[in-house]
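# Structural overview for review
Read off the chains here:
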Amino acid sequence: MPRATRYLREGYVYHLTHRCIDGEFFLRFTRERDAYREWLRIGALRHQVPVLGYILTCNHVHVVAEVRDRQAVASMMKLAAGAVGQALNRRKGREGSVWEHPYHCTRIQDGRHLLNCLLYVDLNMVRAGKVQHPRDWRWCGYDELTGMRKRYRIINQERLLFLT
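Since we're looking at a predicted model, the values are computed, not measured.

### What to know about the packing of aromatic side chains
The tally for this structure, following the rule as stated, stands at 2 aromatic pairs. A ring pair is formed by W137 and W139, whose centres lie 4.9 Å apart and whose planes are at 70°; its orientation type is edge-to-face. R33 extends its terminal NZ or CZ atom over the ring of W139, reaching a point 3.9 Å from the ring centre. Directly above the aromatic system of Y12 lies the positively charged group of R107, at a separation of 4.1 Å from the ring centroid.

As structure tokens, this is what we get:
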């Protein structure tokens, strides 16, 4: 199966989706979602990938990112997924893949499409019936965009404002 990096083009924004293998709920516990968010933050900083939105659910992840360097985006996604997958396998005493490969990527067409995509991402757990409002789900970008999260931010708000 071809790697998602093959489909990324520099200079565009993409909606990246990464699912747990076989629909498993490997991110159902706070520990795994907190770890993934921290590794995503580290990866975005380390590889200088502007993340514009994200949400971590119990069995998949959505990330909206600008692609300046295809390999940097791949490295960011690999870092977060790999670190969480390895830790989960060690803790659970299991072997094998935690994630479907490759992650899925969809190019964002324009500013309106970007806003609709960010809305779709932030409302993911509302649509799933898990929360009433995005502010009630700690593992999404909503609290960063509204100023509720001041530290350890992932979203590049300056770039987001420029692109919308």
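More follows now that the structure is in view.
### Side note on the pairing of strand 3 (residues 60-67)
The element strand 3 is extensively covered by neighbouring structure, given that 8 of its 8 residues are classed as buried. Relative to strand 3, strand 1 (residues 12-19) runs antiparallel, the two being bridged by 8 bridges. Bridge pairing in strand 3 links L16 to V63. Taken together, strand 2 (residues 51-56) and the strand that follows it, strand 3, pair antiparallel across an intervening segment of 3 residues.

### A word on unusual backbone geometry
At Q48, a residue that is not glycine, the phi angle is positive and equals roughly 55°. Its location among the elements puts Q48 in the loop between helix 1 (30-46) and strand 2. For Y152, which is not glycine, the phi dihedral falls at a positive 55°. Relative to the elements of secondary structure, Y152 occurs in the loop between helix 5 (142-145) and helix 6 (157-163).

### Here's the deal with the packing of helix 1 against helix 2 (residues 70-92)
Between helix 1 and helix 2, the least distance of the axes is 8 Å, while the angle of their chain directions is 150°. Considering their axes alone, helix 1 and helix 2 lie roughly antiparallel with respect to each other. As for how helix 1 packs across helix 2, the hand of that crossing is right-handed. Contact residues: helix 1 offers R31, E32, A35, Y36, W39, L40, I42, G43, A44 and R46, while helix 2 offers M76, M77, L79, A80, A81, A83, V84, L88 and R91. Of the residues belonging to the contact of helix 1 with helix 2, the class tally is 14 nonpolar, 1 polar and 4 charged.

### Remarks on the pattern of salt bridges
In the structure shown here, the tally under the stated rule is 7 salt bridges. Through salt bridges that share partners, D34, R37 and R138 make up one connected network.

### Details of helix 1
Given a rise of 1.5 Å per residue, 17 residues ought to cover 24 Å, and the 24 Å separating the end C-alpha atoms of helix 1 matches this to within 8%. Its buried side turned inward, helix 1 meets strand 2, strand 3 and helix 2. Phi turns positive, to about 55°, at Q48, one or two residues after helix 1.

The rules behind the values
- Residues numbered from 1 in each chain as written.
- Predicted model: local features only at pLDDT ≥ 70, side-chain atom pairs only at ≥ 80, totals over all residues.
- Heavy atoms only, no water.
- Phe/Tyr/Trp six-rings, centres within 6.5 Å; stacked < 30°, edge-to-face > 60°.
- Lys NZ or Arg CZ within 6 Å of the ring centre and 35° of its normal.
- Buried < 20%, exposed > 50% of the residue type's maximum accessible area, 1.4 Å probe, protein only.
- Helix = DSSP H or I, 4+ residues; strand = E, 2+ residues; numbered from the N terminus.
- Pairing = 2+ DSSP bridges.
- Axes fitted to C-alpha atoms, helices over the stretch in contact; angles between N-to-C directions.
- Parallel < 35°, antiparallel > 145°, perpendicular 65-115°, else oblique.
- Left-handed = near helix turned anticlockwise from the far one by under 90°.
- Contact = heavy atoms within 4.5 Å.
- Nonpolar A, V, L, I, M, F, W, Y, C, P; charged D, E, K, R; others polar.
- Salt bridge = Lys/Arg side-chain N within 4 Å of Asp/Glu carboxyl O.
- Expected span 1.5 Å × (residues − 1).

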